[in-house]
Amino acid sequence: MSLRNGGHVRWAFDLAGWRPSLADLLLATSCIQPEEKLTLQRFVFRDDFNASLIGRLMMRRFVQLATDLAYDEIKFERDSKGKPFLKNEGVAVDFNVSHQGRYAVLAGMATKRLEATTTTSPTPKIGVDVMKIEYGGGKPLDEFFRLMTRNFSDDEWRYIRGRDDASAQLEAFMRNWCLKESYVKNVGVGITVDLRKISFRIQTEVLARDRVVCDTTLRVNSEPMGNWRFEESLIDRDHCVAVSLENVPAEQDLSGNCFEVIDFRTLVEHHRPLLAIDENYCEGIISKEYKKSK
């Protein structure tokens, strides 16, 4: 478990394959901040609790690897738009987490390694989104697309509807949605903006697990966004993932940034507890139910 060239990490955690024991929960919940622990307790279902817990552990493990900070000295806060960031001063990293379907994902980079020597260089930023490629809405796919019309540009709809069959159209829809989410999460505006003005042009039609597509481009308000780059790949055949990067040098090779699936033991390696073991808290979590499969 290490940083790749340029200080990047791309991690995926299989939430569906993780049913933590009491011992796992005791360990994991001692490795998060007090306010995070209170927030997590409010989740009704275990699935949501597990996903958010793993996201927090991934952030802490990434920062530990990317910096000289001690595990229990790492401090996270959230900005006015709810995006987590590293509070510790003098450390240059950026990261983003997402979860959907069976995976939680983290994309991170040590931005100090990416910055030019001049102090005026804009700081690189990163966003990530993962989507399960499925539709279970009950309505015919055409009707679903009609309801979602205002979320995509005309060019994007031409690409989506231009696929050969319903399965390919759904894949194209989810891929575009994943790209869009990775971008709005990066800039911190959420999906309250006019998404029709955020328009992606996909050039490589097929995604793979072992290869990163980097040639998708973006226009915002019809203007090319030349300082943005995007990575796209599959985690498995049912989950696509997109990473948005702003102000990352054009010459930097991103093609090897496939997502690495990590397990719980790897994630908590070299941990140092922040909080005391809390059996009552964890027994309360274990009493929560998982969502019923559809």
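Residues numbered from 1 in each chain as written. Predicted model: local features only at pLDDT ≥ 70, side-chain atom pairs only at ≥ 80, totals over all residues. Heavy atoms only, no water.

By the naming in an unreviewed UniProt entry, the chain goes by L-aminoadipate-semialdehyde dehydrogenase-phosphopantetheinyl transferase and is assigned to Anopheles gambiae. Under the UniProt heading Sequence similarities (unreviewed entry), the entry covering the chain gives this text: "Belongs to the P-Pant transferase superfamily. AcpS family." (UniProt positions renumbered as here; feature names shortened; annotations may be inferred.)

(A) Fine view of helix α2 (residues 34–41). Along α2, the residues that are buried comprise Glu36, Lys37 and Leu40. The arc enclosing the buried residues of α2, seen along the axis, measures out at 100°, which places them on a common side. Turning to α2, the residues buried within the fold contact α3 (46–66), β2 (76–78) and α8 (279–286). (Buried < 20%, exposed > 50% of the residue type's maximum accessible area, 1.4 Å probe, protein only. Helix = DSSP H or I, 4+ residues; strand = E, 2+ residues; numbered from the N terminus. Arc of directions from axis to C-beta. Contact = heavy atoms within 4.5 Å.)

(B) Expanded view of the pairing of strand β6 (residues 125–132). Counting buried positions along β6 gives 6 out of 8 residues, so the element sits mostly inside the fold. Two strands pair when backbone bridges link them, and β6 and strand β11 (residues 239–246) are joined in this way by 8 bridges, in the antiparallel orientation. If you follow Val130 over to β11, its bridge partner there is Val241. (Pairing = 2+ DSSP bridges.)

(C) The arrangement of the sheet that holds strand β5 (residues 103–109) in detail. With respect to topology, 4 strands assemble into an open sheet ordered β4-β5-β1-β12, the strand pairing being mixed. Edge positions in the sheet fall to β4 (94–100) and β12 (260–262), since each of these pairs with one other strand and no more. Direction aside, the axes of adjacent strands within the sheet are offset by 25° on average. Relative to β5, β4 is paired through 7 bridges, and the arrangement is antiparallel. Bridging from a neighbouring strand, Ser98 pairs with Val105 of β5. (Axes fitted to C-alpha atoms, helices over the stretch in contact; angles between N-to-C directions.)

(D) Structural detail: the environment of Cys240. With respect to the helices, strands and loops of the structure, Cys240 is situated in strand β11. Distance from Cys240 to Asp129, taken between C-alpha atoms, is 8.5 Å for residues 111 residues apart in sequence. Not counting residues within four places of it along the chain, the set of residues in contact with Cys240 comprises Asp129, Val130, Met131, Ile133, Met174, Arg175, Cys178, Leu207, Ser233 and Leu234.

(E) Quick peek at the state of the cysteines. Tallying each qualifying case throughout the model produces 0 disulfides. Summary of cysteine pairing: Cys178 is not part of a disulfide, and the nearest cysteine sulfur, belonging to Cys240, is at 4.3 Å. What makes Cys178 buried here is its relative accessible area of 1%. Free cysteine Cys282: the closest other cysteine sulfur is in Cys31, separated by 11 Å. The exposure class of Cys282 is buried, given its relative accessible area of 1%. (Disulfide = S-S within 2.5 Å.)

(F) Looking closely at α3. Compared with an ideal rise of 1.5 Å per residue, which puts 21 residues at 30 Å, α3 spans 30 Å between its outermost C-alpha atoms and is within 8% of the ideal. Across the 21 residues that make up α3, a large majority, 18, are buried. (Expected span 1.5 Å × (residues − 1).)

(G) Structural view of the nonpolar core. Judged by nonpolar contacts, the single largest core of 40 residues is most densely connected at Ile54, Leu57 and Phe62. Looking at this core, the elements that each hand over two or more residues are β1 (8–14), α1 (22–28), α3, β5, α7 (264–267) and α8. Considering each element in turn, this core owes the most residues, 10 residues, to α3. Not counting the four nearest positions on each side in its chain, Leu57 is found in contact with Ala28, Cys31, Ile32, Tyr71, Phe264, Leu267 and Val268. Counting residues in hydrophobic clusters, the runner-up holds 32 residues, among them Leu141, Phe173, Leu195 and Cys240. (Core = buried A, V, L, I, M, F, W, Y, C linked by side-chain atoms within 4.5 Å.)

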